[in-house]
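This is what each chain is made of:
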Amino acid sequence: MRRKYWLSPENAIYVLMWLLFFLLPIIIFYLRSFTVTQAEFHWEEVFHIWRWFLIFCLCFIIHNFLLAPLLIKKMRVAYFCSVLALLAIFFAVSNYLHGPDPCRNRPPLWLIERENRLAQKNHIQPPFPMRHFDDHHLGALGPEYVVNLLLLVGVLGLNLGVKFYFKSEQDRNHLQQLEKERMFLQLQYLKFQINPHFFMNTLNNIQVLIDMDAEKAKECLRELSVMMRFVLYEGDKDRVSLHNDILFLRNYVKLMRLRYNDRLTVTIDIPDNLPDVSIPPLIFPTFVENAFKHGVSYKQDSFINIAMDVDDGELLFSCINSKKPVTEASKVPSVGGVGLTNVKRRLDLIYDDRYTLDIKDKTDVYDVLLRFPIQKTENHD
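Predicted model, so just to flag it, every value in this text is computed and none were measured.

### A few points about helix α1 (residues 9–35)
Part 1 of the reasoning: Look at α1: 37 Å from first C-alpha to last across 27 residues, which is about the 39 Å you get at 1.5 Å a residue.
Part 2 of the reasoning: Helix geometry: α1 is bent most strongly at Leu 23, by close to 30 degrees, with proline Pro 25 lying one to four residues after it.
Part 3 of the reasoning: The set of residues buried in α1 consists of Glu 10, Asn 11, Tyr 14, Met 17, Trp 18, Phe 22, Pro 25 and Phe 29.

Pasting the structure below:
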């Protein structure tokens, strides 16, 4: 199992950064020994720089794991007080290790110690007797302290920049996850809202048929049971097989067709060799329901033409229906009720701007053309 904390990209950046810092003096001094005459590579110089790097690294670790979280938690006063205390401790340690330079031309302490060791080894007079520097801790503040403090502030600032960058990325990812969950819940709500609306109209049709034709009412109930089985086992899925959805659509048209007389002509032009692709369930019946409800007249000839095809990775669905005369249409709500509004919202949530819905409300014809991308059918067992 991966340890998320230590393998995070943020900590990986910190590790690489400090590895580069510790390798940098070795690379510089090594290259200098080849390019500068009489220059030699001395590990004492490297160890001296590493000693300061270790102090900077320790301050960085304290700031990263103890102090920076205070600022993220909006504890600004505690954070700034803690940072000031850290800078004060750094100043004291720096003063102890380096000390001010009273004569302003004293070599670094590491160089004094190295030259004195070499002189002692060769039995010669030390070039820098330490008694000349016994008071090196009592002098005034030198410019090296300002440089060191500025470097430490820069390191801490870099730490804050990286930490807040990854914090913003984490917050963005969290918001995206919340948005996905919100969209999922909204899609579920819309589907559950469509299904009762859909079956409410169907049951009303059956109620009318019971008195008109009992046999047709029984046939409607059988068709309705098939459709309810689809809704029960397939309607709650994100995607279903196109073939199953087409079967549901044919059953629905057959059920609705029984209610009307011979003055209604319904044609379904759907090829039998359509590819096995996945689509969101219960999209097409909403448009067909709208065509029956608002386009079929009992007093004059009416038609509903339904077509479907696949073209260049997109599914094309067309539903064209005649419109009722103005006298009949005024008795029912205008075209585009709850079901049509909800299916548009579902398409927006699922496909965003990757679908097109072209609705033309003409004088005597209502024309719907829907296009959206398709994908291969997954296992829906």
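### Considerations on the nonpolar core
Part 1 of the reasoning: Core analysis: the largest hydrophobic core is formed by 49 residues, its most contacted members being Phe 284, Phe 292, Met 308 and Phe 317.
Part 2 of the reasoning: Tallying contributions element by element places helix α7 (residues 242–257) first for this core, with eight residues.
Part 3 of the reasoning: Not counting residues within four places of it along the chain, the set of residues in contact with Phe 284 comprises Leu 242, Asp 245, Leu 249, Ile 279, Met 308, Leu 315, Phe 317, Leu 370 and Phe 372.
Part 4 of the reasoning: Counting residues in hydrophobic clusters, the runner-up holds 25 residues, among them Trp 52, Leu 67, Val 83 and Leu 86.

### With respect to a nonpolar patch on the surface
Part 1 of the reasoning: Residues Leu 23, Ile 27, Tyr 30, Leu 31 and Phe 34 make up a contiguous nonpolar surface patch of about 550 Å² in total accessible area.
Part 2 of the reasoning: Mapped onto the elements of the fold, Phe 34 is located in helix α1.
Part 3 of the reasoning: What makes Phe 34 exposed here is its relative accessible area of 61%.

### Quick notes on the environment of Tyr 14
Part 1 of the reasoning: As for its position among the elements, Tyr 14 is in helix α1.
Part 2 of the reasoning: With a relative accessible area of 5%, Tyr 14 lands in the buried category.
Part 3 of the reasoning: Residues contacting Tyr 14, with those up to four places away along its chain left out, are Phe 60, Asn 64, Asn 159, Val 162 and Lys 163.

### As for the side chain of Asn 251
Part 1 of the reasoning: Here Asn 251 lies in helix α7.
Part 2 of the reasoning: Judged by relative accessible area, Asn 251 falls into the buried class, the value being 14%.
Part 3 of the reasoning: Once residues lying within four places of it in the same chain are set aside, the contact partners of Asn 251 are Glu 223, Val 226 and Met 227.

Analysis parameters
As a convention, each chain's residues are numbered from 1 in the sequence order in which they are written. Where local features are concerned, this predicted model is filtered to residues with pLDDT of at least 70; where side-chain atom pairs are given and counted, the filter is 80 or more; whole-chain, interface and lining totals use all residues. Hydrogens and water molecules were not included; the side-chain quantities draw on all heavy atoms of the structure. The way it works is that DSSP assigns letters per residue, a run of H or I at least four long becomes a helix, a run of E at least two long becomes a strand, and they are numbered from the N terminus. For a helix, the expected span equals 1.5 Å multiplied by the residue count minus one. Each residue is assigned a bend, namely the angle between axes fitted to the seven residues that terminate at it and the seven residues that start at it. Three labels apply to residues, based on accessible area from a 1.4 Å probe with only protein chains included: buried if under 20% of the type maximum, exposed if over 50%, partly exposed otherwise in between. As used in this record, nonpolar core signifies buried Ala, Val, Leu, Ile, Met, Phe, Trp, Tyr and Cys residues forming a set joined through side-chain atoms within 4.5 Å. Note on contacts: a residue pair qualifies if any of its non-hydrogen atoms lie within 4.5 Å across the two residues. Patches were defined on residues exceeding 30% relative accessible area and lacking a salt bridge, with like-charge contacts within 9 Å and nonpolar side-chain contacts (Val, Leu, Ile, Met, Phe, Trp, Tyr) within 5 Å. Per-residue and other accessible areas were derived by the Shrake-Rupley procedure at a 1.4 Å probe size, with only the shown protein chains allowed to occlude residues. One speaks of a salt bridge when a side-chain nitrogen belonging to Lys or Arg is within 4 Å of a carboxyl oxygen belonging to Asp or Glu.

Nothing here speaks to function; it is all geometry.
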